[in-house]
Amino acid sequence: MANIRGNTFVALNEWMVKTLNQERYGKFMAKMRSPVARSLSRPEGWAWYPLEYLTEIYESIVEYLGNGKPAPLEDIGKFLADIDLAGGPKSKAALLPISRVLPRLSFLWSRYKDCGDLDVELIDEDRRKALVTISGYDGNEMHCRVNGSWIGMVCKLMSGKDVVVKETTCRWKVGGNSCAWEVSWE
């Protein structure tokens, strides 16, 4: 069974509390199954939770906050990256060239997920492009939104450069075992 570290649920709950007033937060929680609502409202950062819980939370966010549209998921990806890196731009790390930042993505990924592999291929440093591939991860297309946004924000926070992330392959649309994003920078 694929699992996600509780730190992700702690950050998601923090995002929910900041995004919703108390009444809307309560209504949101009431719509979810009890174990999923508990994993979000009272998460333990050190624990591991089933990936399916995260999927259900993303689906509820799209339905309840996005009115069926996935836009809030991009905000979540950025917020998770910020939390993963413990705050805003890193003064020393922001001096790193992005070609040195990208290989660190797989380390960050493995800190929060026990499933899927994140690989980075530097396509052309002169053209400032790389390919980030996540394979063996059984989240759905909503996870792709979060993951792409997370990739972009981690790169921005660590390098301080203009970063553009574009999903080029989605296993949920074309089949296969992986999703890929082209990362470009200035």
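Residues numbered from 1 in each chain as written. Predicted model: local features only at pLDDT ≥ 70, side-chain atom pairs only at ≥ 80, totals over all residues. Heavy atoms only, no water.

Caption draft 1: Fine view of the overall build of the protein chain. In terms of regular secondary structure, the protein chain is built from 9 helices and 6 strands. For 186 residues, the compact-globule formula gives about 16 Å, and the C-alpha radius of gyration of the protein chain, at 16 Å, lands near that figure. Counting all 186 residues of the protein chain, 48% fall into the buried class. Contacts in the protein chain between residues far apart in sequence, at least 24 positions, make up 66% of those at least 6 positions apart. Only carbon and sulfur atoms are counted for the fraction: they give 48% of the accessible area of the protein chain, which is about 9500 Å². Taken as two groups, the 25 positive and 24 negative side-chain charges of the protein chain have centres that lie 4 Å from each other. (Helix = DSSP H or I, 4+ residues; strand = E, 2+ residues; numbered from the N terminus. Rg over C-alpha atoms; globule rule 2.2 N^0.38 Å. Buried < 20%, exposed > 50% of the residue type's maximum accessible area, 1.4 Å probe, protein only. Contact = heavy atoms within 4.5 Å. Areas by Shrake-Rupley, 256 points an atom, 1.4 Å probe, with all protein chains shown as cover. Lys, Arg positive; Asp, Glu negative; His and termini not counted. Charge placed at Lys NZ, Arg CZ, Asp CG, Glu CD.)

Caption draft 2: Layout of the side chain of Ser-159. The residue Ser-159 is located in helix α8 (residues 141-159) in this model. Accessibility expressed as a relative area gives 2% for Ser-159, which makes it buried. A distance of 2.7 Å separates the side chain of Ser-159 from the backbone oxygen of Cys-155, its partner in a polar contact. (Polar contact = N/O pair within 3.5 Å; in protein donor to acceptor, adjacent residues only side chain to side chain.)

Caption draft 3: The arrangement of the packing of helix α7 (residues 105-112) against α8 in detail. Where α7 contacts α8, the axes come no closer than 11 Å and their chain directions differ by 125°. For the element pair α7 / α8, the angle class is oblique. Crossing handedness for the pair α7 and α8: right-handed. Where α7 approaches α8, its residues Leu-105, Leu-108 and Trp-109 are matched on the opposing element by Asn-147, Trp-150, Ile-151, Val-154 and Cys-155. Its residues assigned to classes, the contact of α7 with α8 shows 7 nonpolar, 1 polar and no charged. (Axes fitted to C-alpha atoms, helices over the stretch in contact; angles between N-to-C directions. Parallel < 35°, antiparallel > 145°, perpendicular 65-115°, else oblique. Left-handed = near helix turned anticlockwise from the far one by under 90°. Nonpolar A, V, L, I, M, F, W, Y, C, P; charged D, E, K, R; others polar.)

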